[in-house]
Amino acid sequence: MLTHLFVGQVTTVRGQSMQPGFRPDDHLVVEKVSLYWREPRHNEIVVLSVPESEGLIIKRVVGLPGDTVEIQRGHIFVNSREVAPPYDIAPRWRVLVGGNEVDAPSRFGDSHSSYGPITLADDRYFVLGDNRDNSIDSRSYGPVPRNTIRGRVLLRYWPPHRFAVFR
């Protein structure tokens, strides 16, 4: 029990907010120890708890305390510099409407939307899901306090063919 509380834990991905990098039912090891002596870093994948969600969620750290974060038509800027996504953002779903194929309306966000600018307070972090069209993240609930970040994703061990270690 102490290991689970203070050292690390295993968890399973639920939802699509981090696709294509993380898929539903991916099994992860989350480590907590390093965050006792250092702060989360840009681009780290973290597990956190927010009141808007019933359990832990997984997101990518985009902004650190003191950073100014802005999103312009889907392009992310941190301290006036554009941040390249870790990969191409997943395409939007296409649906048939009246015999024509069109983009499906987004449920939670929009990879082409705008936000901010906002300068983060001393203990606040800006987190985003990699699948921007299907992610509830800091664009919805604002920057998150440091004490909500529970750990960082260390590795994916299941399914075996998608094994990966994250730094």
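Our structure is the block above this text.
1. Notes on the sheet that holds strand β10 (residues 115-119)
With antiparallel pairing, 4 strands are arranged side by side in an open sheet as β7-β6-β5-β10. Either end of the sheet is taken by a strand with one partner, and the two such strands are β7 (81-83) and β10. Adjacent strand axes in the sheet meet at a mean angle of 25 degrees when their direction is disregarded. One ladder, built from 3 bridges, connects strand β6 (residues 75-78) with β7; its direction is antiparallel. In the strand pairing of β7, I76 is matched with V83.

2. Some remarks on the pairing of strand β13 (residues 149-158)
Taken together, the 5 bridges between strand β2 (residues 27-31) and β13 define a ladder with antiparallel strand orientation. For V29, the partnering residue across the bridge sits in β13 and is L155. Examined bridge by bridge, strand β3 (residues 45-49) and β13 share 3 bridges and lie antiparallel to one another. Looking at β13, one finds that V47 is bridged to G151. Pairing of β13 with strand β14 (residues 164-165), which is carried by 2 bridges, proceeds in the antiparallel orientation. The residue of β14 that forms the bridge with R156 is A164. Taken together, β13 and the strand that follows it, β14, pair antiparallel across an intervening segment of 5 residues.

3. Quick notes on the environment of L64
Structurally, L64 can be placed in the loop between β4 (56-63) and β5 (68-72). Looking at L64, the relative accessible area reads 18%, which means it is buried. Residues L64 and D122, 58 residues apart in the sequence, show an inter-C-alpha distance of 8.5 Å.

4. Quick look at unusual backbone geometry
Following Q19, the chain continues into P20 via a peptide bond in cis, with omega recorded as 5 degrees. Cis geometry marks the peptide bond from W158 to P159, where omega comes out at 0 degrees. Located in the positive-phi region is D25, a residue other than glycine, with phi close to 75 degrees. Assessed through its relative accessible area of 45%, D25 is described here as partly exposed. Unusually for a residue other than glycine, S80 sits at a positive phi of about 70 degrees. With respect to the secondary-structure elements, S80 resides in the loop between β6 and β7.

Cut-offs and rules
- Residues numbered from 1 in each chain as written.
- Predicted model: local features only at pLDDT ≥ 70, side-chain atom pairs only at ≥ 80, totals over all residues.
- Heavy atoms only, no water.
- Pairing = 2+ DSSP bridges.
- Helix = DSSP H or I, 4+ residues; strand = E, 2+ residues; numbered from the N terminus.
- Axes fitted to C-alpha atoms, helices over the stretch in contact; angles between N-to-C directions.
- Buried < 20%, exposed > 50% of the residue type's maximum accessible area, 1.4 Å probe, protein only.

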